[in-house]
Amino acid sequence: MKTNLRKRIALVTGSSRGLGKAIAEALATEGADIIINGRWDKTVGNVAYEIEHKFNHSIHAYQCICDVTNSNRIGEFFREKMPQIGRLDILVNNVGNIETFGRFEDLTEEDWQMSFDLTFMSAVRFIKGSLPYLKKSNQARIINIASLSAHQPSFTGLNPHYGMAKAGMVNLTKNLAADFGKYGITVNTVCPSTLAGGGWDQNVKDRAKREGITVKQAEKIMRQEENKKSPLGKMGELKDVAGLVVFLASANAGFLTGHCHNVDGGITRGT
């Protein structure tokens, strides 16, 4: 299957580790040049170096070092660095995290605001900065990484602030797909279930702390719970999401826009 991604330029937010790094590497495997984003100079630089050398210098990896909650730093990147790179074909809004775990009664107003700012507004900021470049591409893609919790919240009531922010990304996708179609830009969302990687370790540690058990015990319990949810009897992996992102970025997905694509092993029962 030809992806037509060779020498396309992709900006992947939150790509210095976890799912974002897996997506960046998957796109690079198909020949895309990558802009690595993260807040720490050393980490971003290391990932950029890894990608360039893994592909024998045939792939260029650029650096976008900024805190995605800082609109001034993002604006600085698009004003000063992007003109040097010159163009952009693919934007993957991956960044997002649960900074504070809790149920509704546990969460402060600051927790809600931080979740919205980090997970939702970061996507808004990067889309705004990227749009002038994406308009010039003949294979422009915006791919938002949301979560299954965006449309199927946890029965435990945990982390409604995170689900809210991810639900906003799904709605934003629908709006922008309708608006940006005139520019030939496709906009899609990917909604993964819990993955064995990325933020999984953080979730395990939180469970261990809340229940007063060891991390090893928490992971065993959580894996059993997650495996039972899927008809396939297993958890998804980072590569499952990265592979779908590659397809959505490719020439083969030119007529797909405005959709929420679940990567959940059949957990979602409705449409």
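Before reading further, recall that the structure is shown in the block above.
All values derive from a computational prediction rather than experimental measurement. (Residues numbered from 1 in each chain as written. Predicted model: local features only at pLDDT ≥ 70, side-chain atom pairs only at ≥ 80, totals over all residues. Heavy atoms only, no water.)

Enquirer: Please clarify how helix α2 (residues 41-54) should be interpreted in this entry.
Expert: Since one α-helical turn is 3.6 residues long, residues separated by three or four positions face the same way. With 14 residues, α2 should reach 20 Å at 1.5 Å per residue; the first-to-last C-alpha distance of 20 Å fits that figure. Taken together, the buried positions of α2 are occupied by Val44, Gly45, Val47, Ala48 and Ile51. Along α2, the residues classed as buried sweep out an arc of 165 degrees about the axis, all on the same side. Looking at α2, the residues exposed on the side facing more than 90 degrees away from the buried face are Lys42, Tyr49 and Lys54. In this structure, the buried residues of α2 make contact with α1 (18-29), β2 (33-38) and β3 (61-65). Backbone geometry just after α2 places Asn56 at a positive phi near 55 degrees. (Helix = DSSP H or I, 4+ residues; strand = E, 2+ residues; numbered from the N terminus. Expected span 1.5 Å × (residues − 1). Buried < 20%, exposed > 50% of the residue type's maximum accessible area, 1.4 Å probe, protein only. Arc of directions from axis to C-beta. Contact = heavy atoms within 4.5 Å.)

Enquirer: Help me out: how do you make sense of the pattern of salt bridges in this one?
Expert: Two side chains that carry opposite charge are able to pair once their charged atoms sit near each other. Applying the stated criterion to the full structure yields 13 salt bridges. Close ionic contact of Glu225 with Arg207 constitutes a salt bridge, the shortest N to O distance being 2.8 Å. With a gap of 18 residues between them, Glu225 in helix α7 (residues 215-229) and Arg207 in helix α6 (residues 200-211) connect regions that are remote in the sequence. Glu225 sits in the partly exposed class, given a relative accessible area of 34%. (Salt bridge = Lys/Arg side-chain N within 4 Å of Asp/Glu carboxyl O.)

Enquirer: What is the right way to read the pairing of strand β6 (residues 186-192) from this model?
Expert: A regular strand places its side chains so that they alternate between the two faces of the sheet. Most of β6 sits out of view: seven of its seven residues are buried. Burial along β6 is two-sided: Thr186, Asn188, Val190 and Pro192 facing one way and Val187, Thr189 and Cys191 facing the other are all buried. Judged from the five bridges that link them, strand β5 (residues 141-145) and β6 form a sheet pairing that is parallel. Paired with Ile142 across the two strands is Val187, which belongs to β6. Where the polypeptide runs from β5 across helix α5 (residues 160-180) and back to β6, its parallel neighbour, the crossover connection is right-handed. Bridge count between β6 and strand β7 (residues 260-263): four bridges; the pairing is parallel. Within β7, the position partnered with Pro192 by the bridge is Val263. (Pairing = 2+ DSSP bridges. Right-handed = clockwise from strand over helix to strand, strands pointing away.)

Enquirer: Any chance you could explain helix α3 (residues 71-85) here in plain terms?
Expert: Over its 15 residues, α3 extends 20 Å from the first C-alpha to the last, a length consistent with the 21 Å expected when each residue adds 1.5 Å. At Phe78, α3 shows its maximal bend, which comes to roughly 30 degrees. Three or more residues of α3 are buried, namely Ile74, Gly75, Phe77, Phe78, Met82 and Ile85. Buried residues belonging to α3 abut β1 (9-12), β2, β3 and α4 (109-134). Sitting at the amino-terminal end of α3 is Asn70, which places a side-chain oxygen 3.0 Å from the backbone nitrogen of Asn72. After α3 finishes, the residue Gly86 shows a positive phi value of roughly 100 degrees. (Bend = angle between axes of the 7 residues up to and from the residue. Polar contact = N/O pair within 3.5 Å; in protein donor to acceptor, adjacent residues only side chain to side chain.)

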